[in-house]
Every structure is written in structure tokens, then in C-alpha cells.
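Structural description and commentary
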Amino acid sequence: MADSTLWWLAAGALIAFELLSGTLYLLLISLGMVAAAIAAHSGLAAHWQWFCAASVGGGSVLVWRRLKSFENQQTPTVSVQANPDVHMDVGEKVHVSAWLEDHTCSVKYRGAHWDAALQAGQTATPGTFEIAAVEGNRLILKNAPSF
């Protein structure tokens, strides 16, 4: 069996395992195996085939990890309670008719009565407020921006 056939089989096996496990790293390493198969088709010696597999596979993993770490540094962390991707209610508007002395109230939102509390640093005046976070079954409200 030719060297290139072994490299293609190894790349296919890694892709199959990647589909079962869901990790991208096996797919990146299989790119190195594809590079080694191409090197074998080109007639390079076995040690150059291994060099291609290691440099392309390992290099792609390093580049991917570098990109992911750069992406994680760029995105600010938002708490789960205030993340609009987690809670569809964050950013919606509610009307508060009156606040209690402890800066809590009851608001009607989506057809039900909700307990609500005022976010720290906000003014407790009646009016329209924006949902800043959802903590359990309590809405945390902040002053809605006026346009």
C-alpha cells in the first residue's frame, strides 16, 4: 500500500472521530494528514511527510487556539442574568406606576405580574424602565433611555 493511501486513511479516520466527538482539533490535525498525503503524492521522503503532517496539523491547532484566545480577550464578559442571548426579556420595556420604599415593585409583563427591583444607581421614579437582568423570578430594572 502506498504511503499516500495510509495518510488518506488516517485523515479519514480522524474526520470520522471528529464527527463523533464534536471537537475541532481532530479536524485540524487531519489537515496535517492531508498535507502529508499530498507530500507523499509529490514523492517526498517519509521524514518530510511526517514534517508536513506535524507542521500543518500542529500549526493549524496553534493558530486556532491563538485566534480563540484573542476572541476571548475582545468580548466583554456579561453575567448570565444580564445576557440578552440567555434571557429574551433583557432589554424589554416595562411600566412602573409606583415604587415601594425598598426600591421594589410589582409590574405586569408578558401577561403576568412580576416582582421587580431597581438596579443600583438608578432613580426610583414612576415611568418606563428597561429590564437589565433577570435573577430567578425577579426582574432587575434600570431607567429606560429617553429619546
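Please refer to the structure placed before this passage.
Residues numbered from 1 in each chain as written. Predicted model: local features only at pLDDT ≥ 70, side-chain atom pairs only at ≥ 80, totals over all residues. Heavy atoms only, no water.

**Describing the nonpolar core**
One finds Val107, Leu139 and Leu141 to be the most contacted residues of the largest nonpolar core, which totals 14 residues. Among the elements of the structure, β1 (93–96), β2 (104–109), β3 (112–118), β4 (127–135) and β5 (138–143) are those that each provide at least two residues to this core. In contact with Leu139, other than residues within four places in its own chain, are Val107, Tyr109, Trp114, Asp115, Ala116, Ala117, Ile131, Ala133 and Val134. (Core = buried A, V, L, I, M, F, W, Y, C linked by side-chain atoms within 4.5 Å. Buried < 20%, exposed > 50% of the residue type's maximum accessible area, 1.4 Å probe, protein only. Helix = DSSP H or I, 4+ residues; strand = E, 2+ residues; numbered from the N terminus. Contact = heavy atoms within 4.5 Å.)

**Side note on the pattern of salt bridges**
Following the criterion strictly, the structure yields 3 salt bridges and no others. Here Asp89 and Arg110 are joined by a salt bridge, their closest N and O atoms 3.1 Å apart. Placement of Asp89 in the loop between α3 (46–74) and β1 and of Arg110 in the loop between β2 and β3 is noted, with a sequence separation of 21 residues between them. Residue classification places Arg110 among the exposed residues on the basis of a relative accessible area of 52%. Of the charged contacts, one joins Lys93 and Glu130 as a salt bridge, the two residues approaching to 3.3 Å between their closest N and O atoms. Of this pair, Lys93 sits in strand β1 while Glu130 sits in strand β4, and the two are 37 residues apart along the sequence. Given a relative accessible area of 14%, Glu130 falls into the buried group. (Salt bridge = Lys/Arg side-chain N within 4 Å of Asp/Glu carboxyl O.)

**A closer look at the sheet that holds β4**
If you walk across this open sheet you meet the 5 strands as β1-β4-β5-β3-β2, and the pairing is mixed. Each edge of the sheet is formed by a strand with only one pairing partner; in this case those strands are β1 and β2. Sheet twist, expressed as the mean angle between neighbouring strand axes with direction ignored, is 50°. Inspection of the sheet shows β1 paired to β4 by 4 bridges, in the antiparallel sense. Within β4, the residue paired with His95 across the bridge is Thr128. (Pairing = 2+ DSSP bridges. Axes fitted to C-alpha atoms, helices over the stretch in contact; angles between N-to-C directions.)

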